[in-house]
Amino acid sequence: MLAPETLSRFAEIVGEANVLTDPQDMAPFLREWRDLYQGETPAVLRPGTREEVAAILAHADANGLKIIPQGGNTGLVGGQIPNDSAREIVLSLGRLNRVREVDAEGFSMTVEAGCTLQAIHDAAEEADRLFPLTLGSQGSCQIGGNISTNAGGTAVLAYGNTRDLVLGLEVVMADGRVLDGLRSLRKDNTGYDLKQLFIGAEGTLGIVTAAVIKLFPRPRAQDVAFIGLESPHEALKLFAAARARAGGMLTGFELMPRVGLEFTLRHLQGARDPLAEAYPWYVLMELSSGTETEDGENPTRALMETILGEAFEAGLVADAALAESNAQAAAFWHLRHGMSEVQREEGGSIKHDVSVPVASVPRFLDEAIAAVEKMVPGCRPVPFGHMGDGNIHFNVSQPVGADKAAYLARWDEMNEIVHAIVGRFAGSVSAEHGIGRLKRDLLAEVKSPLELELMKRVKAAFDPNCTLNPGRVL
Ligand code: FAD
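Residues numbered from 1 in each chain as written. Predicted model: local features only at pLDDT ≥ 70, side-chain atom pairs only at ≥ 80, totals over all residues. Heavy atoms only, no water.

Considering the overall build of the protein chain
To be explicit about the condition: Strands here are runs of E lasting at least two residues and helices are runs of H or I lasting at least four, both read from the DSSP assignment and numbered beginning at the N terminus. Atoms considered for the radius of gyration are the C-alpha atoms alone. The globule rule reads 2.2 Å times the number of residues to the power 0.38. Under the scheme applied here, a residue whose accessible area is under 20% of the maximum for its type counts as buried, over 50% as exposed, and between as partly exposed, the area being computed with a 1.4 Å probe on protein chains only. Between two residues, a contact is recorded if the distance between any of their heavy atoms is within 4.5 Å.
Within the protein chain, the secondary structure is distributed over 16 helices and 19 strands. For the protein chain, the C-alpha radius of gyration of 23 Å lies close to 23 Å, the compact-globule estimate for 474 residues. For the C-alpha atoms alone, the extent of the protein chain along its principal axes is close to 75 × 60 × 45 Å. For the protein chain, the proportion of its 474 residues judged to be buried stands at 52%. Across the protein chain, contacts joining residues at least 24 apart in sequence account for 72% of those joining residues at least 6 apart.

Digging into the site of the ligand
What counts here: Neighbouring residues are identified by heavy atoms, a residue being near a molecule or strand if any of them is within 4 Å of it. By the criterion applied in these results, polar contacts are pairs of N or O atoms within 3.5 Å in which, for protein atoms, one can donate a hydrogen and the other can accept it, and in which residues neighboring in sequence qualify only through two side-chain atoms. All accessible areas in this document rest on Shrake-Rupley with a 1.4 Å probe, and a residue is counted as covered only by the protein chains that are shown. The classification used treats Ala, Val, Leu, Ile, Met, Phe, Trp, Tyr, Cys and Pro as nonpolar, Asp, Glu, Lys and Arg as charged, and all other residues, Gly among them, as polar.
Lining the immediate surroundings of the ligand are 34 residues, of which Pro69, Gly71, Thr74, Gly75 and Ser137 lie closest. Asn73 is positioned with one of its backbone polar atoms (N or O) 2.9 Å from an oxygen atom of the ligand. Separating an oxygen atom of the ligand from a side-chain N or O atom of Thr74 is a distance of 2.7 Å. Coverage of the ligand by the protein amounts to 96% of the 980 Å² it exposes when considered alone. Looking at the shell around the ligand, the elements with two or more residues in it are strand S3 (66–70), helix H5 (143–149) and strand S10 (207–214). No other element matches the five residues that H5 contributes to the shell around the ligand. In terms of residue class, the shell around the ligand is built from ten nonpolar, 22 polar and two charged.

Side note on the pairing of strand S14 (residues 281–289)
The condition is simple: By the convention used here, strands pair only if DSSP detects at least 2 bridges between them.
Burial within S14 is extensive, with nine of its nine residues counted as buried. Burial along S14 is two-sided: the residues Trp281, Val283, Met285, Leu287 and Ser289 and Tyr282, Leu284, Glu286 and Ser288 are all buried. Sheet topology note: the strand S12 (residues 221–229)/S14 ladder contains nine bridges and is antiparallel. Across the sheet, residue Gln222 finds its bridge partner in S14, namely Ser288. When strand S13 (residues 250–257) meets S14, the two strands line up antiparallel, connected through seven bridges. In the sheet register, Glu254 faces S14, and the bridge partner there is Leu284.

Side note on the nonpolar core
Most often, soluble globular proteins have nonpolar side chains that are buried together. Basically, it comes down to this: To qualify as a nonpolar core, a set must consist of buried Ala, Val, Leu, Ile, Met, Phe, Trp, Tyr and Cys residues joined through side-chain atoms within 4.5 Å.
Of all hydrophobic cores here, the largest spans 48 residues; its most connected members are Met285, Phe364 and Phe394. Taken together, the elements giving at least two residues each to this core come down to S12, helix H8 (232–246), S13, S14, helix H10 (299–313), helix H12 (361–375), strand S19 (391–397) and helix H14 (411–424). Residue contributions to this core peak at seven residues, all from H12. Residues within four places of Phe364 in sequence aside, it is in contact with Val354, Val356, Phe394, Val418, Ile421, Val422 and Phe425. Judged by nonpolar contacts, the second largest core, of 28 residues, contains Leu117, Phe198, Val208 and Leu215.

Notes on the packing of aromatic side chains
Two aromatic rings are characterised by how far apart their centres lie and by the angle between their planes. Short version of the rule: Two aromatic rings, drawn from Phe, Tyr or Trp (for Trp, its six-membered ring), form a pair once their centres lie within 6.5 Å of each other, and the interplanar angle then sorts them: stacked below 30 degrees, edge-to-face above 60, tilted otherwise.
The final tally for this structure, using the stated rule, is seven aromatic pairs. Aromatic pair Phe239 and Phe253: ring centres 5.1 Å apart, planes at 65°, arrangement edge-to-face. Taken as a pair, Phe239 in helix H8 and Phe253 in strand S13 lie far apart in primary sequence, 14 residues in all. In this pair, the class of Phe239 matches that of Phe253, namely buried.

Some details on a nonpolar patch on the surface
We count it as follows: Patch members must show over 30% relative accessible area and no salt bridge, and they are joined within 9 Å when carrying like charges or within 5 Å when they are nonpolar side chains of Val, Leu, Ile, Met, Phe, Trp or Tyr. For salt bridges, the criterion is a side-chain nitrogen of Lys or Arg within 4 Å of an Asp or Glu carboxyl oxygen.
On the surface, Leu179, Tyr192, Leu194 and Leu197 cluster together into a nonpolar patch covering about 420 Å² of accessible area. Secondary-structure assignment places Leu179 in strand S9 (residues 178–181). A relative accessible area of 34% means that Leu179 is categorised as partly exposed.

Things to note about the sheet that holds S10
Rules: Axis definition: a line fitted to C-alpha atoms, over the contacting stretch in the case of helices. Angles run 0 to 180 degrees between N-to-C directions.
Across the sheet, five strands lie side by side as S5-S6-S10-S8-S9; this open sheet has antiparallel pairing. Looking at strand neighbours, the two that pair on one side only are strand S5 (99–103) and S9, the edges of this open sheet. This sheet shows a mean twist of 15° between the axes of neighbouring strands, independent of strand direction. Two elements, strand S8 (residues 166–172) and S10, share six bridges in a ladder whose sense is antiparallel.

Concerning the pairing of S9
Two strands pair when backbone bridges link them, and S8 and S9 are joined in this way by four bridges, in the antiparallel orientation. Along S9, the bridge assignment pairs Val171 with Leu179. Connecting S8 to the antiparallel partner S9 that follows it, the hairpin turn spans five residues, and Gly176 within it adopts a positive phi of roughly 95°.

Below, the structure written as C-alpha cells:
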C-alpha cells in the first residue's frame, strides 16, 4: 500500500486516470506471457510526457520508493515485472508513443520510448525507409524496451544489435534529472559515450523516454528460401558459402530443428510445411538488395539460385523451397517467428538463450543435445534461432506425457549442464534476452570480480539510492 499523500502526489503528476490501483486494471502489468513471473504492485503509473516521468522519479528517489519501468512486457528474464512484496511501483511507458520526427534525408527518426516496434516499422516504411530491428514480439514490444534490453532478433547479421541502431537517447535519471542526448550525429568523439551505458542496462540506470534511431534504404529486392538439410554441420558450411558469396546481401540465416517445425505445424494457425519431405534440420535464408538490376531482373533471385545450386552440388542441401511471392516469404518467416510461442503447447520447456562463436555452433549443439538427452531421456531439444550470429535458443521440451512440474523442477540442473558446455566454447549464457531476475545469480558466476566491481560502481554512480529496478541485473 502507498500512503494516500503519495498516491495523490502521483495523481497530481500524471492525472488520476493514469494511476491504476484497481486489481483488474493492473493485472496485465503484473504477469508476463509465459507466466514465469507474476508480481504485485501498489500502483501502475502511466506518464504521458518526459516531464511526468521526471517528476515521478524525483518524488520516488527522494522518498525511498522503488520503480520498475515497463515497456511492452515481452521481456523474457522477468526484469519488467514487480516482485511479490507489493512495494515496487510499475512505471509503464506506453503513453509516450509519438513518432516525433522522421528525417528521411538524414536516415534517422526520433521516437518516444513507448512506440511499438511495429509502429516504428510502419512509420519508416511510410517514408520509404527501413528500421531493421525484427523480433517475433514486434507487435507488442516497445523501442524503449528494445533499447533497454539491447534486443537482437533476426536481422543482426546484416544490421547489428539495437546498440548499433541508436544515435541518441533522452533519459530520465533516477533522481529526476533529464539527460538530453537526442542527437542524430553519425560521428561524435567527445569523451565517454554515455548513451551506450543505458543500452542493455534493463532499466537499472535510467528511464529511456525517447531515442534517435538509424534508418536504412528499404530493400528493393528480397528472396527467402526454406532449406532442408541433414545437420547443423551442413548448415554452417552453407552459411559460410552464402556469406562469402552474398556479403552484406545475406540478411537472415535462421536454424530450426524438425521437432520445432512439427510443433509449429501442430499449433500455429495457417502453418504449412514448405517442403514435400521431412528433414532433420532447416535453414531459413534471406537475401536482400537495395537495387534492382537495369534490366529489371531481381539480383537476389540469381544469387540465391547460385548459392543453392552450389550447395546442392556440394551435398550440403537436401531440398529447398524458394518463396515465389511476398505472401509466401511471410509464411516462411511466420514458421520461424511462431517457433517460440508454440513450445508452451507441448508442456514444460527449459530454456537457454546462449551464444557461441559462429563456427562452434554445430559442435556445441552435438554436445548439448547429447547431454540433455542423457539427463532426461525422452526430452525433446528444440534448439533454434540466429545461427548467423552464433545465437541459439536452446530450449528443451519435456518428454511426451511427463509431469510438467517435475520436469520444470530440473530447470537449474539442466541450465548448469548446458551453461558448462557454453563455457567450454567461450560463449555467453545470455545472448540477447538479458539478465533481469532470471539470470542475476548466474552473472556473478560468469563475470570476473573486476567486471562485477565496475558494474556495481556504475550502478552506484547513476542510481545511488537503488530506486530503479532493484535486484535486477546486479
Ligand atoms: P519489457 O519487457 O517491458 O522490459 C524489458 C526490460 O527493459 C525490463 O528490465 C524493463 O524494466 C526495461 N525497460 C522497458 N522499457 C524501458 C524504458 N523505456 N526505459 C528503461 N528501461 C525499460 N528478444 C530479442 O532480443 N530477440 C528476439 O528475437 C526476441 N524474440 C522474441 C519473441 C517473442 C515471441 C517474445 C515474447 C519475446 C522475444 N524477445 C526477443 C524478447 C523481448 O521481446 C525483448 O527483450 C524486447 O526488447 C523487450 O521489449 P519490451 O518493450 O517488451 O520490454
